[in-house]
Amino acid sequence: MDEENVLDFLTSLEAMDLPDRIEEVNARILSKIVQDTDYVAVLFCPDTKTCPPNGSNKPECKKCVKALQELENIDDEADQLGIGFVKIADEALADEYNLEQLPALVYYRHQIPIIYTSELTREEDVLEWLVQNKSTGDEEDIIEDVTAKALDTLIGSVDNLVVLFYDNDEEDSMQVLADLETIDDDCDKHGIQFVKIDDDSAAREFGIDDVPALVYFEKGIPNVYDGDFENEDEILEWLVDQLEKDEIEDVTDEMLDRLIKEGKTLAVLFYDNNERKSQHVLNELENIDDECDTLGIVFVKIDNRDEAKEYGIEKLPALMYFEKGIPTTYEGNLEDEEKVLAWLEHQVKSDEIEDITDEMLDMLIDKMPYVAVLFYDKDQKKSQKVLLELENIDDECDSNGIAFVKIDNDEEAKEYGIDNIPTLVFFEKKIPHVYEGDLLREEELLGWLVHQKKHSEIPEVTDEMMDRLKEKIEFLAVLFYDKDSKQDIRVLNEMENIDDDLEKEGIVIVRMDNDAEAKEYGIDHLPALIYFEDKLPAIYEGDLLNEDEVLQWLIEQKNSATIEEVTDEILEDLIEEHEYVVVYFSGHCEEDEACDDILEELENIDDELDEAGIIFVTTEDINLAKKHGIRTFPSLAFFRNKELLLYKGDIEDEDEVLAWLTDEDTLEIPGRIEEVNTRMLERIFDENAHVVVFFYEEGDKRSQKIISELENIDDECEEKDISFVKTSDPGIEKEYDLPSLPALAFYRNKFRQIYTGDLMHEEQILEWVLDLHESTPDVIESVDRKTLQVLISSVEHLAVFFYDDKCESCSAILDDLETIDDDTDRHGIQFVKSKDSKLASEIGIFSFPALVYYETGVPIMYNGNLKNEGKVLDWLIEQSKGCFYIGLGGKSAVPNPSYEPYQCCPSKAPRSSKVANASPTTASARKFATSNSRLDKPSLKTTGKESTSQDNKPLVTSKDKGKDASSAKEKPEKSKRGKKSFFGSGKYSWWW
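Per chain, residues are indexed from 1 in the order of the written sequence. Under the rules for a predicted model, residues below a pLDDT of 70 receive no local features and side-chain atom pairs below 80 are neither given nor counted, while totals for whole chains, interfaces and linings still include all residues. The side-chain figures draw on all heavy atoms in the structure; neither hydrogens nor water molecules are used.

If you check an unreviewed UniProt entry, the chain appears there as Thioredoxin domain-containing protein from Cryptotermes secundus.

## Observations regarding the overall build of the chain
Counting its regular elements, the chain contains 43 helices and 43 strands. For the chain, the accessible surface area stands at approximately 47300 Å², while carbon and sulfur atoms represent 44% of it. The numbering of helices and of strands both runs from the N terminus, where a helix is a DSSP run of H or I of at least 4 residues and a strand a run of E of at least 2. In these tables, accessible area is a Shrake-Rupley quantity obtained with a 1.4 Å probe, and a residue counts as shielded only by the protein chains included in the view.

## A closer look at the state of the cysteines
Disulfides are defined as cysteine sulfur pairs within 2.5 Å. In total, this model carries three disulfides according to the counting rule given. The partner cysteine of Cys-589 in its disulfide is Cys-595, sulfur to sulfur 2.0 Å. In this structure the cystine formed by Cys-589 and Cys-595 twists about its S-S bond by roughly 105°; its chirality is therefore right-handed. Each disulfide pairs two cysteine sulfurs, and for Cys-807 the partner residue is Cys-810, the sulfurs being separated by 2.1 Å. Negative torsions about the S-S bond denote left-handed disulfides, and the value of about 100° found for Cys-807 with Cys-810 makes this one right-handed. Throughout this description, buried means an accessible area under 20% of the type-specific maximum (1.4 Å probe, protein chains only), exposed means over 50%, and partly exposed covers the range between. For Cys-807, a relative accessible area of 15% gives the class buried.

## Describing empty space enclosed by the protein
Buried and open spaces are told apart on a 1 Å grid over the protein atoms alone, a cavity being a set of points where a 1.4 Å probe fits but cannot get out and a pocket being an open set with protein on both sides within 12 Å along at least five of seven lines. Residues with an atom within 4 Å of a point are the lining residues. Grid points are joined across faces, edges and corners, and a volume is the space filled by probe spheres set on the points. Counting across every chain of the model gives five cavities of 30 Å³ or more. Looking at the largest cavity, its volume works out to about 230 Å³. Forming the walls of the largest cavity are 19 residues, and the residues nearest its centre are Glu-664, Glu-668, Glu-674, Ser-723 and Val-725. Counting only elements with at least two residues in the lining of the largest cavity, the list comes to helix H33 (664–667), helix H34 (678–687), helix H36 (714–719) and strand S32 (723–727). Under the scheme applied here, ten amino acids are nonpolar (Ala, Val, Leu, Ile, Met, Phe, Trp, Tyr, Cys and Pro), four are charged (Asp, Glu, Lys and Arg), and all others, including Gly, are polar. By residue class, the composition of the lining of the largest cavity is nine nonpolar, three polar and seven charged. Space inside the second largest cavity adds up to approximately 60 Å³.

## Some details on the pairing of strand S27 (residues 615–619)
In terms of residue burial, S27 counts as a mostly covered element, since five of its five residues are buried. Residues Ile-615, Val-617 and Thr-619 line one face of S27 and the alternating positions Phe-616 and Thr-618 line the opposite face, and both faces are buried. By the convention used here, strands pair only if DSSP detects at least 2 bridges between them. Taken together, the two bridges between strand S25 (residues 564–565) and S27 define a ladder with parallel strand orientation. Opposite Glu-564, over in S27, you have Val-617 as the bridge partner. Sheet analysis places strand S26 (residues 580–585) next to S27, joined by five bridges and oriented parallel. Note that in S27 the partner of Val-583 across the bridge is Val-617.

## Describing the sheet that holds S27
The strands making up a sheet associate through backbone hydrogen bonding, with each pair oriented either parallel or antiparallel. Ordered by their spatial adjacency, five strands build an open sheet running S25-S27-S26-S28-S29, and the pairing between neighbours is mixed. Edge positions in the sheet fall to S25 and strand S29 (643–646), since each has one partner strand and no second. Note on contacts: a residue pair is in contact if any heavy atoms of the two residues lie within 4.5 Å. Axis angles are defined between N-to-C directions and span 0 to 180 degrees, where every axis is a line fitted to C-alpha atoms and, for a helix, only to the segment in contact. This element, helix H32 (residues 654–661), spans S26, strand S28 (635–640) and S29 of the sheet and lies at about 20° to S28.

## Thoughts on the environment of Ser-708
Within the secondary structure, Ser-708 sits in helix H35 (residues 701–710). Residue classification places Ser-708 among the partly exposed residues on the basis of a relative accessible area of 45%. Each C-alpha atom, one on Ser-708 and one on Met-760, is 9.2 Å from the other, the two residues being 52 residues apart in sequence.

## Description of the confidence of the model for the chain
On average, residues of the chain score 79 in pLDDT, and 84% of them reach the 70 mark or higher. The secondary-structure element of the chain with the lowest mean pLDDT is strand S43 (residues 979–980), recorded at 38, while strand S31 (residues 690–695) shows the highest, at 93. You can read pLDDT as the predictor saying how much it trusts each residue, on a scale of 0 to 100. The model gives residues 884–903 a pLDDT under 50, and that stretch makes 36 contacts with residues more than four places away or in other chains. Every residue in residues 907–992 is under pLDDT 50, and counting partners more than four places away or in other chains gives 231 contacts.

## Some thoughts on the pattern of salt bridges
Just to be clear on terms, a salt bridge is a Lys or Arg side-chain nitrogen sitting within 4 Å of an Asp or Glu carboxyl oxygen. Throughout the structure, instances matching the rule amount to 17 salt bridges. For the salt bridge of Arg-468 with Glu-415, the shortest nitrogen-to-oxygen distance reads 2.4 Å. With Arg-468 in helix H23 (residues 463–472) and Glu-415 in helix H21 (residues 410–415), the pair connects residues that are 53 residues apart, well separated along the chain.

## Considering the pairing of S32
Most of S32 is tucked away: five of the five residues are buried. Burial of the side chains of S32 extends over both faces: Ser-723, Val-725 and Thr-727 are buried on one face and Phe-724 and Lys-726 on the other. Where strand S30 (residues 674–675) and S32 come together, two bridges link them in parallel fashion. Paired with Glu-675 across the two strands is Lys-726, which belongs to S32. Relative to S32, S31 runs parallel, the two being bridged by five bridges.

## What about a negative patch on the surface?
Together, Asp-351, Glu-352, Asp-355, Asp-379, Asp-395, Glu-396, Asp-408, Asp-410, Glu-411 and Glu-443 make up a negatively charged patch on the protein surface. Of all the secondary structure elements, the ones that give two or more residues to the negative patch are helix H20 (394–399) and H21. Considering the arrangement of structural elements, one finds Glu-396 in helix H20. Only residues above 30% relative accessible area that lack a salt bridge enter a patch, with like-charged residues linked at up to 9 Å and the nonpolar side chains Val, Leu, Ile, Met, Phe, Trp and Tyr linked at up to 5 Å. Neither His nor the chain ends contribute to the count of charged residues, in which Lys and Arg are positive and Asp and Glu negative. Charge positions are represented by NZ for Lys, CZ for Arg, CG for Asp and CD for Glu.

## A few points about the sheet that holds strand S14 (residues 318–323)
The strand order across the open sheet built from five strands is S11-S13-S12-S14-S15, with neighbouring strands paired in mixed fashion. Single-partner strands in this sheet number two, and they are strand S11 (249–250) and strand S15 (326–329). In this structure, strand S12 (residues 266–270) lies alongside S14, joined through five bridges in antiparallel fashion. Looking at the pairing, Ala-267 lines up with Tyr-321 of S14.

## Here we look at the packing of aromatic side chains
Side-chain rings of Phe, Tyr and Trp (the six-membered ring for Trp) are treated as a pair once their centres are within 6.5 Å; stacked means planes under 30 degrees apart, edge-to-face means over 60, and tilted covers the remaining angles. Per the counting criterion, the structure on display carries 30 aromatic pairs. Plain terms: the ring middles of Tyr-862 and Trp-875 are 5.0 Å apart, the flat faces sit at 55° to each other, and that makes the pair tilted. One end of the pair, Tyr-862, is in strand S39 (residues 858–862); the other, Trp-875, is in helix H43 (residues 869–880), and 13 residues separate them in sequence. The class of Tyr-862 is buried, set by a relative accessible area of 4%. Among the residues examined, Trp-875 registers a relative accessible area of 3% and is labelled buried.

## Comments concerning the side chain of Glu-412
Mapped onto the fold, Glu-412 is located in helix H21. Residue classification places Glu-412 among the buried positions, given a relative accessible area of 3%. What Glu-412 contacts, discounting residues up to four positions off in sequence, is Asp-358, Leu-361, Asp-362, Phe-375, Ile-407 and Arg-468.

## Description of helix H9 (residues 171–180)
Taken together, the buried positions of H9 are occupied by Ser-173, Val-176, Leu-177, Asp-179 and Leu-180. Looking down the long axis of H9, one finds its buried residues gathered within 160° of arc, a one-sided arrangement. Arc definition: it is the arc formed by the directions from the helix axis to the C-beta atoms.

## Here we look at the side chain of Glu-442
Of note, Glu-442 is situated in helix H22 (residues 442–454). Arg-441 provides the closest opposite charge to the buried, unpaired Glu-442, separated from it by 8.6 Å.

## What to know about unusual backbone geometry
The amide bond that connects Ile-421 to the next residue, Pro-422, takes the cis arrangement and shows omega of 0°. With respect to the helices and strands, Pro-422 occurs in the loop between H21 and strand S19 (423–428). A cis amide bond, omega 0°, links Phe-633 with the succeeding residue Pro-634. Relative to the elements of secondary structure, Pro-634 occurs in the loop between helix H31 (623–627) and S28. Its identity is not glycine, yet Lys-430 carries a phi of approximately 80°, on the positive side. Mapping Lys-430 onto the fold places it in the loop between S19 and strand S20 (431–434). Judged by its relative accessible area of 28%, Lys-430 falls in the partly exposed class.

## Focus on the nonpolar core
For soluble globular proteins, nonpolar side chains are generally found buried alongside one another. Counting 100 residues, the largest nonpolar core has Leu-151, Phe-165, Leu-256, Phe-270 and Phe-375 as the members making the most contacts within it. Look past the residues within four positions of Phe-165 in its chain and what remains in contact with it is Leu-151, Ile-197, Ala-202, Ala-203, Phe-206, Ile-208, Val-211, Pro-212, Ala-213 and Val-215. In terms of nonpolar packing, the next biggest core, distinct from the first, is built from 38 residues, Leu-609, Ile-614, Leu-681 and Ile-732 among them. Side-chain atoms within 4.5 Å are what join buried Ala, Val, Leu, Ile, Met, Phe, Trp, Tyr and Cys residues into a set we call a nonpolar core.

## As for the environment of Ile-713
Relative to the helices and strands, Ile-713 resides in the loop between H35 and H36. Setting aside chain neighbours within four positions, we find Ile-713 in contact with Phe-724, Glu-762, Ile-765 and Leu-766.

This is the structure we're talking about:
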């Protein structure tokens, strides 16, 4: 054994480290620690002669005890930041440092001591001082790298912090880092701590998808830099401005979620940066930012309509106040800042349970871990009396981290199965617990809420609550029981023993005393356990009193992937609710019989059918099979929009079965427009040149009438090899960028035309479809948002002409550009046009027309004369060849002025090769935007193909680095126990 290594270990900080404790050392060990550790904070206290172990009333002794108690609160944070923390009771050593009064704090940076001169009991100030002095103690002028955990600590403890999110393996990131390290010392001089982090997950937590990105935090509030990364002086000026200016910070949706979860008191302006009214309101509200600071309100703004809709906001601008995560909407005039301020001040000072909308409730349940909700009726005397009592415990709920809100909405109450008002429901991590006690006894209610938060119990739910949980919870176990049965209560007690283990596995378990609901799943005897995964149920058939066996089964269900076994009742619902269902009718089948072997082979194609949007199940029940005339088992049946088609081939050949199921002739039903899900629709687009799609909302009576009319022309379309389908999946209007529902669209090679006529006139529609089918397409095809996004990510050379209807010159320019479309085709450049102003604004285009060239997703904007189609063509060809310029440009500073720039157009390198990027010949060419066309995105990247020509300036775009590839769940050995079943309570969408 190496005694020196043993000694080194025993005297190291690592060996002495205790959680939340500052370790005590002697002079010899301290000397070694200071030598071996770059950063060490040492608390010097009086020795045992002055302060004996049994205590002392001397002031210095009391101060030392108090300082130690406070500083131990930051010991872990200091450790995360790479700063050691120890204490020593050695007055002789203290005298060597001329420490006149003890306790005293000395900070060793690379063995050089600095004495802390402020109050030791203010631990936050001490931590900030340690962090600030850590960077100034660096021997090199570098920006310190931190971990995600250390970053959280810094954000919470440092008032002025700037963070560079970067990628150590990316050239752009490293270049930006090198530039920014030249201003690190300047940031230190202004009291700004500068750190960097190479962590994709940490970046995503702040809504940062592309790196490099720069975020400035002032007292924990983030502000994203959206300027030029290649100008470090501009960045420094912006950072200093953040110190001196007082403006409302812009945040991402992830940053906003983080601030809300932290329980900060927030005022959030939801606005549109491109809208005049929003800008006017913003200018007015900037005037009260200081007053909000004084009230302890953090004021931020967010330009994100989708995030606004999550809070039920349809019209922008809008102001929302958050206190302990609970939102309240301002209903007054946002342009009157004094009234806004008065309202905010009232919100801070008022002490009442907040009234919320149903959208806000959904948001709170999703984003807050503990929410108590009083469902009440403001016009009901009992509700008013209960509310008066419960206002007394609002503060106590806040102090226990429980958000307390009220909602006056009968429909929302019914969605949770609540028939009696008032009722209180406590949501613990989205799981509802109904309070069954007396609501007028507020102290008992408070005790129950605190108990529910601290202790894990299986909650009782209604059938409506279970339906909502199935929508939100991926892995859910439900115990059906009878609370009046002693045997069932025994089972419940056993299940309570595995509740914590299930939580660790990410499985939520609830209980339900409802015989009728149990029978809907074919359960005739209680107790019974059903496991739901993505709403797909599996029934446990083992011993419920053996909790270990139950736990093992649930974990296996979560990790398994097999063809689900269903009952006849569940199968009927499944066929009713879903478009494509394949059923293996096995008949009575024992393990290792031929029918079981066939099923095992068919499981090899389950994943492929999932990807095609086809559900595959098996059943031993035969009553439904007999109803459909099936007498021979095993048999394979395919239900296409409820119509049966029997498989006549070799059922033991899974490849043949797969080919038959996915064949277009099999999928089509003569005289019927097939209902498809979005996954199936994308497959149809890939496999068919001409597709007509009817988009509609399920349950819409007018849409059903339209479908009846459209089915009269389905055969005519089929004769012309035009696929005709319909889809009503939730979210299609947004996903396919439709103006409204219902809508009819004709797709030619994924390029779309929307029908604008009367949807009830099928003859006019048929004429329109056939005309489009036979006509020569537009030279430059028009694309919708979804198609354009697909093209940008999948087409190597793409030119996009952005325009809008208000642009007077766009039509003439487009006519000219269509004369070069054939030429671009010959050079492998796909040319399309788009009216998508939102996508254009994301890359800094706010005026039209505009031409953007994309190469493998990276955009470059053409800034020349769009009316000169010849120059446009030359420029596009130049970009597609990867041309760039080399040379010094004959500058006077060069001894030999004959070095003229020349164009280099190298041959195309293989995809796996790395091609060096050449710098542009002028400084101005390095920037992707001028002062007149600055982009508003924080992550800026150039393409490396910049030209000295004034016809192009590089842009930036989202660029997926592909670091996080999601892995598919592996298919384990086939499970022999438990039936996986489908249920049919409502319409469900299957995303494969």
